[in-house]
Amino acid sequence: MTGVEIDMVVSDSLKALELYEKVFDLQRVEVTNFPKGENEVIFTLYGVRFHMLDENPTFGLKAPTLDNPQSMWFNILVPDIKSTFAKAISAGCTELQPVTELPDYGVTNAIFLDAFGYQWLLHQVHKAVSFEERRRLWEEKRNSFAEISRQ
């Protein structure tokens with residue numbers, strides 16, 4: 001058997017699952033119902049397998065906090081960013097970047113922080129823009145930023 005799984009530690013995997021089900025159309029794979037600190041949840045989101053474990057210092061499992069979030073984030077391509085972002089905010093997540101359209105790049109994105117210290121970057125792709133074109137656009141914008149800062 002082969003595959004890739006994203007593993008994450010949260011303070012309470014059952015509560016995290018409740019939150020993520022409010023935001024995303026995910027599929028439960030395995031969910032335990034043990035005392036807090038012993039639970040684990042496996043779900044899939046757009047074909048990607050996520051495995052959450054309860055924080056348990058005895059086993060060296062430490063969850064991020066809102067004051068000290070992880071430096072990694074999840075980048076999720078969604079079909080309707082405004083709807084998904086609204087679900088996240090109404091479920092108690094914190095807006096880090098509002099829904100932002102980047103028409104030259106063919107995408108709209110937004111970022112939220114969940115109650116478990118993880119950042120989620122949402123993307124909605126409106127049109128395919130090649131790597132070469134994105135690189136060219138960045139170089140132009142970077143040069144514009146440099147000119148503004150010299151003034």
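For the structure, check the block above.
Here's a quick rundown of the structure. Starting from 1, residues in each chain are numbered consecutively following that chain's sequence as written. It should be noted that, the model being predicted, local features are given only for residues of pLDDT at least 70 and side-chain atom pairs only at 80 or more, the latter also being counted only at that level, while totals for whole chains, interfaces and linings use all residues. Working from all heavy atoms in the structure, the side-chain values ignore hydrogens and water.

The next point concerns the pattern of salt bridges. Any Lys or Arg side-chain nitrogen located within 4 Å of an Asp or Glu carboxyl oxygen qualifies as a salt bridge. Applying the stated criterion to the full structure yields six salt bridges. In this structure, the salt-bridge partner of arginine 28 is glutamate 21, at a minimum N-O distance of 2.7 Å. Between lysine 62 and glutamate 55 there is a salt bridge, with the nearest N and O atoms lying 3.9 Å from each other. When its relative accessible area of 25% is taken as the criterion, glutamate 55 is described as partly exposed. Several salt bridges share partner residues, and in doing so they unite Glu133, Arg136 and Glu140 into one network. Burial classes follow relative accessibility: with a 1.4 Å probe on protein chains only, a residue under 20% of its type's maximum area counts as buried, one over 50% as exposed, and anything between as partly exposed.

On to the pairing of strand S5 (residues 73-77), then. For the purposes of this entry, the term helix denotes a DSSP run of H or I that reaches at least four residues, the term strand denotes a run of E that reaches at least two, and both are numbered from the N terminus. Of the two faces of S5, only one is covered, namely that formed by Phe74 and Ile76; the face formed by Trp73, Asn75 and Leu77 stays uncovered. Pairs of strands are assigned from DSSP output, requiring at least two bridges between the strands. By the bridge criterion, five bridges tie S5 to strand S8 (residues 119-125) in an arrangement that is parallel. Bridge assignment links phenylalanine 74 to a residue of S8, and that residue is tryptophan 120.

Residues Ser13, Ala16, Leu17, Leu19, Tyr20 and Val23 constitute the buried set of helix H1 (residues 13-23). Along H1, the residues classed as buried sweep out an arc of 165 degrees about the axis, all on the same side. In H1, the exposed residues that point more than 90 degrees away from the buried face are Lys15 and Lys22. Polar contact is defined as a pair of N or O atoms within 3.5 Å, subject to the rule that within protein one atom must be able to donate a hydrogen and the other to accept it, and that residues adjacent in sequence are counted only when both atoms are side-chain atoms. For H1, the capping residue at the N-terminal end is aspartate 12, with a side-chain oxygen 3.1 Å from the backbone nitrogen of leucine 14. The arc in question is formed by the directions pointing from the helix axis toward the C-beta atoms.

Take the nonpolar core next. Core analysis: the largest hydrophobic core is formed by 27 residues, its most contacted members being Tyr20 and Trp120. Those elements that place two or more of their residues in this core are strand S1 (5-10), H1, strand S3 (40-45), strand S4 (48-54), S5, helix H2 (81-90), strand S7 (107-113) and S8. The element contributing the most residues to this core is H1, with five residues. The residues contacting tryptophan 120, other than those within four sequence positions of it, are Met8, Tyr20, Phe24, Leu45, Phe50, Phe74, Ile76, Ala110, Ile111, Phe112 and Asp114. To form a nonpolar core, buried Ala, Val, Leu, Ile, Met, Phe, Trp, Tyr and Cys residues must be joined to one another through side-chain atoms within 4.5 Å. Only heavy atoms enter the contact rule, under which two residues are in contact if any of them lie within 4.5 Å.

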